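# Descriptive analysis of the structure
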Amino acid sequence: MTLKALFAATATAALLLALPANAGQLTIGFSQIGSESGWRAAETSVSKQEASKRQVNLKIADAQQKQENQIKAIRSFIAQNVDAIFLAPVVSTGWDAVLKEAKEAKIPVVLLDRDIDPSGKELYLTAVTSDSVHEGAVAGEWLAKTVGEKACNVVELQGTVGASVATNRKKGFDSVVAKHPNLKVVRSQTGDFTRAKGKEVMESFIKAEGGGKSICAVYAHNDDMMVGAIQAMKEAGLKPGKDVLTVSIDAVPDIFKAMAAGEANATVELTPNMAGPALDVIAAFKDKGTVPPKWIQTESKLYTASDDPQKIYDSKKGLGY
């Protein structure tokens, strides 16, 4: 190599070392709740796809629905000095201490899918979530419109106790029920967002309500609990989607399969792509110091049996649900 070439190569290497980090060099830790539902599994899968598109090193820690595991994961990410942390909080409280540690380490935190207690607003950069109060209201409005003036006893499968999304989906639905005296929530219990628990709780509702004969509709805070509830109704000799109306939230593939079979009526979509907007926010924040709005809202779309459920099922089944 000539002296001139050597100088050129050295200068190029020095320039490369001096360049700022870009999205392709980012390492982000993601404390995921777990895989309690098909939607949650899809969120994890889509998050990996979105990170791969941007050449981001995404480290995912599965908390198995335990807050203590999430706190340990966040502390581990802080120790690794990651560029950012994504958190899907299993509950809304108890985050102040660990998020203060992240802030002191100058590691931005982005909430995905769920919010935390308002006292912690200054401890994270932004939250990418749906409006879960609105989701519950959309579900309630569909039911109110569908039953008209007919008296309708509703049983409700709630999500995990203490989760902001469960609290808000109940709040939104209840706001609609309050406007329609013919709608009455006669039983409400947590099904922990899982199919198995949804089935178990629905079985108890059916027994308590005369074999299900007095139940007009089931409202579930997610589709997985509804899939379990549908199974319980079928085993009890009821015809879900006909004898008992169903409305739930998430729009996972299996609820469209149930719709195509005439066993489910409506679902409100929660997009599994929370990571895409979050990754773009972090890239802009790291590159240009761009501070995002405190809340980035995703769309909540209603689907019913008239929306070609088989076609929608086919389009969603490869997303990791």
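Not measured: the values here are computed from a predicted model.

Take the confidence of the model for the protein next. The pLDDT averaged across the protein works out to 92; a share of 93% of its residues lies at or above 70. When the criterion is pLDDT under 50, residues 1–24 qualifies, and its contacts beyond four places in sequence or with other chains add up to eight contacts.

To continue, consider the packing of aromatic side chains. Going through the model one piece at a time under the given rule, you end up with three aromatic pairs. For the pair F173 and Y219, a centre-to-centre distance of 3.9 Å together with 10 degrees between the ring planes defines the contact as stacked. Pair noted here: F173 is in helix α6 (residues 164–177) and Y219 is in strand β8 (residues 217–220), with a separation of 46 residues, a long-range link. Of the residues examined, Y219 reaches a relative accessible area of 0% and is grouped as buried. Of note, K294 hangs over the ring of Y124, and the distance from its end group to the ring centre comes to 4.7 Å.

Once that is clear, we can look at the pairing of strand β7 (residues 183–190). Within a regular strand, the side chains alternate between the two sheet faces. As defined by bridge partners, strand β6 (residues 152–158) adjoins β7 across seven bridges and the pair is classed as parallel. Note that in β7 the partner of V155 across the bridge is R187. In this fold, β6 hands off to α6, which returns the chain to β7; that crossover is right-handed.

Residues of helix α9 (residues 253–260) that are buried include every one of P253, I255, F256, A258 and M259, and no others. Backbone geometry just after α9 places G262 at a positive phi near 80 degrees.

A word on the sheet that holds β7. Read across the sheet, six strands follow the order β7-β6-β8-β9-β10-β12 without closing on themselves; strand pairing throughout is mixed. Each end of this open sheet is capped by a strand with a single partner; those strands are β7 and β12 (302–304). Each strand axis lies, on average, 20 degrees off the axis of its neighbour in the sheet, ignoring direction. Pairing geometry for strand β10 (residues 266–269) and β12, over three bridges, is antiparallel. Residue pairing for β12: T267 is matched across the bridge by Y303. Relative to the sheet, α6 contacts β6, β7, β8 and β9 (245–250), its axis offset from that of β7 by approximately 165 degrees.

So, about the UniProt feature "domain: Periplasmic binding protein" (unreviewed entry) in the protein. The UniProt record annotates "domain: Periplasmic binding protein" (unreviewed entry) at residues 28–275. Structurally, residues 28–275 is divided into 42% helix and 21% strand, and its ends, taken at the C-alpha atoms, are 11 Å apart.

The gaps of empty space that remain are located by a probe, the size of a water molecule, rolled over the atoms. Evaluated as defined, the whole model comprises one cavity of 30 Å³ or more. In this structure, the largest cavity occupies an estimated 70 Å³ of space. What lines the largest cavity is E36, S37, W39, R40, D113, R114, V165, R169, F193, N222, D250 and L270. Taken together, the elements giving at least two residues each to the lining of the largest cavity come down to α2 (38–53) and α6. Residue classes in the lining of the largest cavity are distributed as four nonpolar, two polar and six charged. Two domains share the lining of the largest cavity, each providing at least three of its residues, namely domain 1 (2–129 + 272–290) and domain 2 (132–270 + 305–319).

In this section: the sheet that holds strand β5 (residues 126–129). Spatial strand order, β2-β1-β3-β4-β5-β11: six strands in an open sheet with parallel pairing. Looking at strand neighbours, the two that pair on one side only are β2 (57–62) and β11 (295–297), the edges of this open sheet. On average, each strand axis in the sheet is inclined to that of its neighbour by 20 degrees, with strand direction left out of account. Where strand β1 (residues 27–32) and β2 come together, six bridges link them in parallel fashion. Directly across from Q32, in β2, lies its bridge partner D62. Sheet contacts for helix α3 (residues 67–79): β1, β2 and β3 (84–87); angle to β1, the most-contacted strand, approximately 170 degrees.

Conventions used here
- Residues numbered from 1 in each chain as written.
- Predicted model: local features only at pLDDT ≥ 70, side-chain atom pairs only at ≥ 80, totals over all residues.
- Heavy atoms only, no water.
- pLDDT = per-residue confidence, 0-100.
- Contact = heavy atoms within 4.5 Å.
- Phe/Tyr/Trp six-rings, centres within 6.5 Å; stacked < 30°, edge-to-face > 60°.
- Helix = DSSP H or I, 4+ residues; strand = E, 2+ residues; numbered from the N terminus.
- Buried < 20%, exposed > 50% of the residue type's maximum accessible area, 1.4 Å probe, protein only.
- Lys NZ or Arg CZ within 6 Å of the ring centre and 35° of its normal.
- Pairing = 2+ DSSP bridges.
- Right-handed = clockwise from strand over helix to strand, strands pointing away.
- Axes fitted to C-alpha atoms, helices over the stretch in contact; angles between N-to-C directions.
- UniProt positions renumbered as here; feature names shortened; annotations may be inferred.
- 1 Å grid on protein atoms, 1.4 Å probe; cavity = no way out; pocket = protein on both sides within 12 Å on 5 of 7 lines; lining within 4 Å.
- Points joined across faces, edges and corners; volume = space filled by probe spheres on them.
- Nonpolar A, V, L, I, M, F, W, Y, C, P; charged D, E, K, R; others polar.
- Domains from an automatic or database assignment.

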